[in-house]
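This is what each chain is made of:
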Amino acid sequence: MKTYQLVGIGNAVGDVITQCNDAFLTEKNIEKGIMQLVEQDRSAELYEAMGESVQTPGGSVANTIAGAGALGLNAAFIGRVCDDDLGQFYAKAMQDDGIDFVNPPVANGDLPTSRCMIFVTPDAERSLNTYLGISSELSSDDVPTEVAGNAQIMFLEGYLFDKDKGKTAFMEAARAARAGGGKAGISISDPFCVERHRDDFLSLIKNELNFVIGNEDEMKALFQTDDLDEALQKTASICDLVVCTRSADGVSVVESGKRVDIATKKITAIDTTGAGDQFAAGFLFGMATGRDVEICAKMGCVAAAEVISHIGPRPETDVKVLFEQAGLL
């Protein structure tokens, strides 16, 4: 039976990325800098308005898994796509990246493959409009026990909490991984996601998970505080490993109550899409290969810096070479 160093479960979303100005966002009533869920009609309207664009397989945790796979981890992704053009593209692209895409595209599905229209403004801020489509139907039936139960690390996507069946799939994947001797953790995904599911998130982090990764806003949202130190302390009181990305201010990691702060080099961002996802890829690569949390965090920062230097949510250069140049390998 195959053992995986890393398995992710999340929304399988085809990303469509274009550049625009702030006036376009205003004209199309797109809220800047956040992820908004949209219905199928709105999705079609925005897609039509995009013009020249880049298409890539996306989804927060899927991007992380692809990044970790590119670094050489034996990785798999649990997600749901339709047997349509975008779904076939998505599944093939993941396999081409060396990731086991363990769920075959669903034939005769009522819903199309999920898509996210991403509008990148000149300040590198990205505004995401996601139509969840078939990925929102992910359920326990889509979680192969032989995959989840043989994961060294299971990484879960907070966005799945928006539907009960996704939440159940999530819990079962985490429990299967832990029962098999692995660790389970979560990408918090979005502060609005926390607002919608705070009690469930806190219960999951306290009772089911070994680690949590999120940004400053997400961590503050967990405990409804504007004080990051307080948020980190409270989260660390219920979870062994807490990882908080703070954009240009670096990363804070609290492991077993001990905090480490890692500074980052300031660089000019072209597109911040995927920064958190690739940070997680670098960090989890470090975890899976036995590095200490400080090295893990530095690896995450290198991977994030690479992805924000160009358009698109996945690395374009060999991040492992960048690790070597930074003295991390």
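All figures in this text were calculated on a predicted structure; none of them were measured in a lab.

### Describing the UniProt feature "domain: Carbohydrate kinase PfkB" (unreviewed entry) in the protein
Phase 1: Within this numbering scheme, the UniProt entry marks residues 44–314 as carrying the feature "domain: Carbohydrate kinase PfkB" (unreviewed entry).
Phase 2: Strand forms 21% of residues 44–314 and helix 41%; the C-alpha atoms that close the span are 25 Å apart.

### Quick notes on the sheet that holds strand 4 (residues 54–58)
Phase 1: In space, the 5 strands of this open sheet follow the order 3-8-7-2-4, with mixed pairing throughout. Taken across any chain shown, the strands that pair with only one partner, and hence form the sheet edges, are strand 3 (35–37) and strand 4. When strand polarity is set aside, the average angle formed by the axes of neighbouring strands in this sheet is 25 degrees.
Phase 2: Pairing analysis gives 6 bridges linking strand 7 (residues 114–120) to strand 8 (residues 126–131), with the strands arranged antiparallel. The residue bridging Arg-115 from the neighbouring strand is Tyr-131, located in strand 8.
Phase 3: Against the sheet, helix 4 (residues 85–96) makes contact with strand 2 (13–19), strand 4 and strand 7, and its axis sits at roughly 65 degrees relative to strand 4, the strand it touches most.

### Here's the deal with the side chain of Asp-84
Phase 1: When you line up the elements, Asp-84 lands in the loop between strand 5 (75–78) and helix 4.
Phase 2: Discounting residues that sit within four places of it in the chain, Asp-84 has contacts with Pro-112 and Thr-113.

### Quick look at the environment of Leu-46
Phase 1: The topology assignment puts Leu-46 in helix 2 (residues 40–48).
Phase 2: Here the alpha-carbon distance between Leu-46 and Glu-230, two residues 184 residues apart in the chain, equals 40 Å.
Phase 3: Ignoring any residue separated from it by four or fewer positions in sequence, one finds Leu-46 in contact with Lys-28, Ile-30, Met-117, Phe-119 and Asn-129.

Calculation notes
Residues numbered from 1 in each chain as written. Predicted model: local features only at pLDDT ≥ 70, side-chain atom pairs only at ≥ 80, totals over all residues. Heavy atoms only, no water. UniProt positions renumbered as here; feature names shortened; annotations may be inferred. Helix = DSSP H or I, 4+ residues; strand = E, 2+ residues; numbered from the N terminus. Pairing = 2+ DSSP bridges. Axes fitted to C-alpha atoms, helices over the stretch in contact; angles between N-to-C directions. Contact = heavy atoms within 4.5 Å.

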